[in-house]
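Each chain is listed here by its residues.
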Amino acid sequence: MKLILLGAPGAGKGTQAEVLSEKFDIPVISTGEIIRNALRQETTLGKQAKEYIDKGLLVPDNVVIGIIQERLNQDDCRNGFILDGFPRTVPQADALAEMNITLDKVLAIEVADEKIVQRMSGRRQCAKCGATYHLQYKPPVKESICNVCDGELIVRKDDEPETVQKRLEVYHEQTEPLKEYYKDKGLLVVAYGQEEIKDTISEVFKALGVG
Ligand code: AP5
Ligand code: MG
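This section reports on the structure supplied with the text. This structure is a prediction, so every number in the text was calculated from the model and none was measured. (Residues numbered from 1 in each chain as written. Chains lettered and ligands numbered in written order. Predicted model: local features only at pLDDT ≥ 70, side-chain atom pairs only at ≥ 80, totals over all residues. Heavy atoms only, no water.)

## What to know about the site of ligand 1
Then, in step 1: Residues in contact with ligand 1 amount to 36 residues; listed here are only the nearest, Thr 15, Leu 57, Arg 88, Arg 123 and Arg 167.
Then, in step 2: Between ligand 1 and Arg 88, the relevant distance is 2.4 Å, taken from an oxygen atom to a side-chain nitrogen or oxygen of the residue.
Then, in step 3: Here Arg 156 contributes a side-chain N or O atom positioned 3.0 Å from an oxygen atom of ligand 1.
Then, in step 4: Surface burial for ligand 1 is 98%, taken as the share of its 1,000 Å² of free accessible area covered by protein chains.
Then, in step 5: Those elements that provide at least two residues to the shell around ligand 1 are helix H1 (13–24), helix H2 (31–40), helix H6 (113–120), strand E6 (132–134) and helix H9 (197–208).
Then, in step 6: Across the shell around ligand 1, the residue classes break down as 14 nonpolar, twelve polar and ten charged. (Near = heavy atom within 4 Å. Polar contact = N/O pair within 3.5 Å; in protein donor to acceptor, adjacent residues only side chain to side chain. Areas by Shrake-Rupley, 256 points an atom, 1.4 Å probe, with all protein chains shown as cover. Helix = DSSP H or I, 4+ residues; strand = E, 2+ residues; numbered from the N terminus. Nonpolar A, V, L, I, M, F, W, Y, C, P; charged D, E, K, R; others polar.)

Shown next as structure tokens:
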């Protein structure tokens, strides 16, 4: 299964990617997570990306395309993968097409902007391992502590309300056209995000035609 997840910031791409990764036993490649790891480790990539991420802007295409080319060449991607957060622009989609990868499906997760803003205020992320929680919809067992590694749970810097608004604008302008792009290729399927995570999982399975 070679799958792309499309969706606004906070639509639930990361949450669904985790479930699908387990179901199909394939890795999730999240450009956002790769970049956030680089930020934590203060690598050259991290330093380059920081000014864009903090403003809610996209990191330049050539940087992200390079990351993906390198990642998709690794052995664990041979049987398939889930792309979470890539491609995000038409030039990125064109670059992926040039890598001669046969995609199975492109899943768009639809959630209204108002819902997104509300949701993002409750998201928490482990500062150490990156695991994601939600105060209301996916609370950790111990308050402010990661279930996986006991790390501290923090608010992602780009989840400040003004930055979320900017990210939504950028999404509608630069990423949403990809729905048409993949519809034209006959690859697009759509799932509507629900109030509860488990209900969205059912919608996603239905859209992908899996049980
Ligand atoms: P990235 O990390 O990809 O951020 P994003 O697309 O803005 O998406 P998020 O990770 O914020 O949300 P999500 O859809 O994964 O939702 P989640 O599952 O966490 O990118 C960050 C930045 O990196 C970009 O702004 C850009 O600067 C840069 N970047 C990355 N890729 C790039 C690229 N290709 N090109 C250029 N720049 C790039 O869910 C959100 C919350 O809601 C969670 O708390 C979750 O628990 C909860 N939740 C999920 N589903 C539900 C539900 N159904 N009901 C209730 N709560 C739910
Ligand atoms: Mg995510």
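## A word on helix H7 (residues 161–175)
A turn of α-helix holds 3.6 residues, and therefore any two residues three or four places apart point the same way.
Then, in step 1: A rise of 1.5 Å per residue sets the reference length of H7, with its 15 residues, at 21 Å; its end C-alpha atoms lie 20 Å apart and thus fit the reference within 8%.
Then, in step 2: All of the buried residues along H7 are Thr 163, Val 164, Arg 167, Leu 168, Val 170, Tyr 171 and Thr 175. Down the axis of H7, the sector holding all buried residues measures 165 degrees, keeping them to one side. Facing away from the buried side of H7, by more than 90 degrees, are the exposed residues Glu 162 and Glu 173.
Then, in step 3: Buried positions along H7 lie against strand E1 (2–7), helix H3 (44–55), H6, strand E5 (123–126) and helix H8 (177–184). (Expected span 1.5 Å × (residues − 1). Buried < 20%, exposed > 50% of the residue type's maximum accessible area, 1.4 Å probe, protein only. Arc of directions from axis to C-beta. Contact = heavy atoms within 4.5 Å.)

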